[in-house]
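Commentary on secondary and tertiary structure
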Amino acid sequence: MDMFIRQRIKAVKKGDQNAFADIVEMYKDKIYQLCYRMLGNRHEAEDAAQEAFIRAYVNIHTYDPNMKFSSWLYRIATNLSIDRMRKKKPDVYLDAEVSGTDGLTMYSQLAGEGTSPEDALESLELQQMVQEAILKLPEKYRAVIVLKYIDELSLQEISDILNLPIGTVKTRIHRGREALRKHLEHL
């Protein structure tokens, strides 16, 4: 896959816009999920993810081929999400989901194999409580917790994305877990 990405990046640098569409297709879900976990709002996450890809395209000439492309792209998305959190004003979206129904669709109401509706609802509620607790974390802890436990990145990848020493990443993960534990101790 790295070779494919390298080929696509070379093509983009030569002016092939379709090559960047391939890159977007490969990373769009991961970047959106990262932004959503950081921002907690679908609209904000969609905007941030789209902006991350635009910035990556515009600044593709600054990409260092010695670095993993995904780490570079994650850094852009993480920084954009952090910037949005800092500037965040209370936004109201008329078409936003009703509070407490995050991810609830008609499809999710179909009975699954082996899980009762009560179990599914309990799991959904737990996921929502964890997401809310993550959103209460300070941005420096939220970023490392999302990258480590949601996106399942290695310490080195997180270090590269956030441009922090591994020791700092470990410390923030530990402190972020402790803060999460305090937020969730009532469960």
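This text follows the structure it describes.
Described in the following lines is the structure provided in the data block. Being a predicted model, the structure only gives us computed values, none of them experimental.

1. Observations regarding the overall build of the protein chain
The helix and strand tally for the protein chain stands at eight helices and zero strands. If you list the helices and strands of the protein chain from N to C, you get α-α-α-α-α-α-α-α. Here the protein chain holds 187 residues, and 34% of them are scored as buried. Counted over contacts in the protein chain with a minimum sequence separation of 6, partners at least 24 positions apart contribute 65%.

2. Here we look at the environment of A77
Secondary-structure assignment places A77 in helix α4 (residues 69-87). Assessed through its relative accessible area of 0%, A77 is described here as buried. Through-space distance from the C-alpha of A77 to that of Y32 is 8.7 Å; in sequence the pair is 45 residues apart. Sequence-distant contacts of A77, defined by excluding residues within four places in its chain, comprise I31, L34, C35 and A52.

3. Focus on a nonpolar patch on the surface
Residues L126, M129 and L187 make up a contiguous nonpolar surface patch of about 260 Å² in total accessible area. Relative to the helices and strands, M129 is located in helix α5 (residues 117-136). Looking at M129, the relative accessible area reads 31%, which means it is partly exposed.

4. Regarding the environment of H183
Examined against the element boundaries, H183 turns out to sit in helix α8 (residues 166-184). Here H183 falls in the partly exposed class, since its relative accessible area comes to 32%. Linking H183 and E132, residues 51 residues apart in sequence, is a C-alpha distance of 9.3 Å. Setting aside its immediate chain neighbours within four residues, H183 contacts A133, K136 and L137.

5. Quick word on the side chain of D151
By secondary structure assignment, the location of D151 is in the loop between α6 (139-150) and α7 (155-162). Of the side chains bearing the opposite charge, R37 lies closest to the buried D151, which forms no salt bridge; the N-O distance is 6.7 Å.

6. So, the pattern of salt bridges
Evaluated as defined, the whole model comprises nine salt bridges. Across the pair E51 and R55 runs a salt bridge whose closest N-O atoms are separated by 2.9 Å. Of the two residues, E51 and R55 are both situated in helix α3 (residues 42-58); the distance of four residues between them amounts to about one turn of the helix. Residue R84 pairs with E51 through a salt bridge whose shortest N-O separation is 3.2 Å. Taken together, the residues R84 in helix α4 and E51 in helix α3 connect sequence positions 33 residues apart. For E51, a relative accessible area of 25% gives the class partly exposed. Connected through salt bridges with shared partners, the residues E44, E51, R55 and R84 form a single ionic network.

7. So, α3
Between its terminal C-alpha atoms α3 stretches 24 Å, which fits the 24 Å expected from 17 residues at 1.5 Å a residue. Among all positions in α3, only E44, A45, A48, A49, A52, F53 and A56 are buried. In an axial view of α3, the angular spread of the buried residues amounts to 165°, which keeps them on one side of the axis. Pointing more than 90 degrees away from the buried face of α3 are the exposed residues Q50 and V58. Here the buried face of α3 lies against α2 (17-39) and α4. Two or three places before H43, at the start of α3, stands the capping residue N41, its side-chain oxygen 2.8 Å from that residue's backbone nitrogen.

Reading the values: rules and limits
- Residues numbered from 1 in each chain as written.
- Predicted model: local features only at pLDDT ≥ 70, side-chain atom pairs only at ≥ 80, totals over all residues.
- Heavy atoms only, no water.
- Helix = DSSP H or I, 4+ residues; strand = E, 2+ residues; numbered from the N terminus.
- Buried < 20%, exposed > 50% of the residue type's maximum accessible area, 1.4 Å probe, protein only.
- Contact = heavy atoms within 4.5 Å.
- Patch = residues over 30% accessible without salt bridge, like charges linked within 9 Å, V, L, I, M, F, W, Y side chains within 5 Å.
- Areas by Shrake-Rupley, 256 points an atom, 1.4 Å probe, with all protein chains shown as cover.
- Salt bridge = Lys/Arg side-chain N within 4 Å of Asp/Glu carboxyl O.
- Lys, Arg positive; Asp, Glu negative; His and termini not counted.
- Expected span 1.5 Å × (residues − 1).
- Arc of directions from axis to C-beta.
- Polar contact = N/O pair within 3.5 Å; in protein donor to acceptor, adjacent residues only side chain to side chain.

In short, geometric facts, not functional conclusions.
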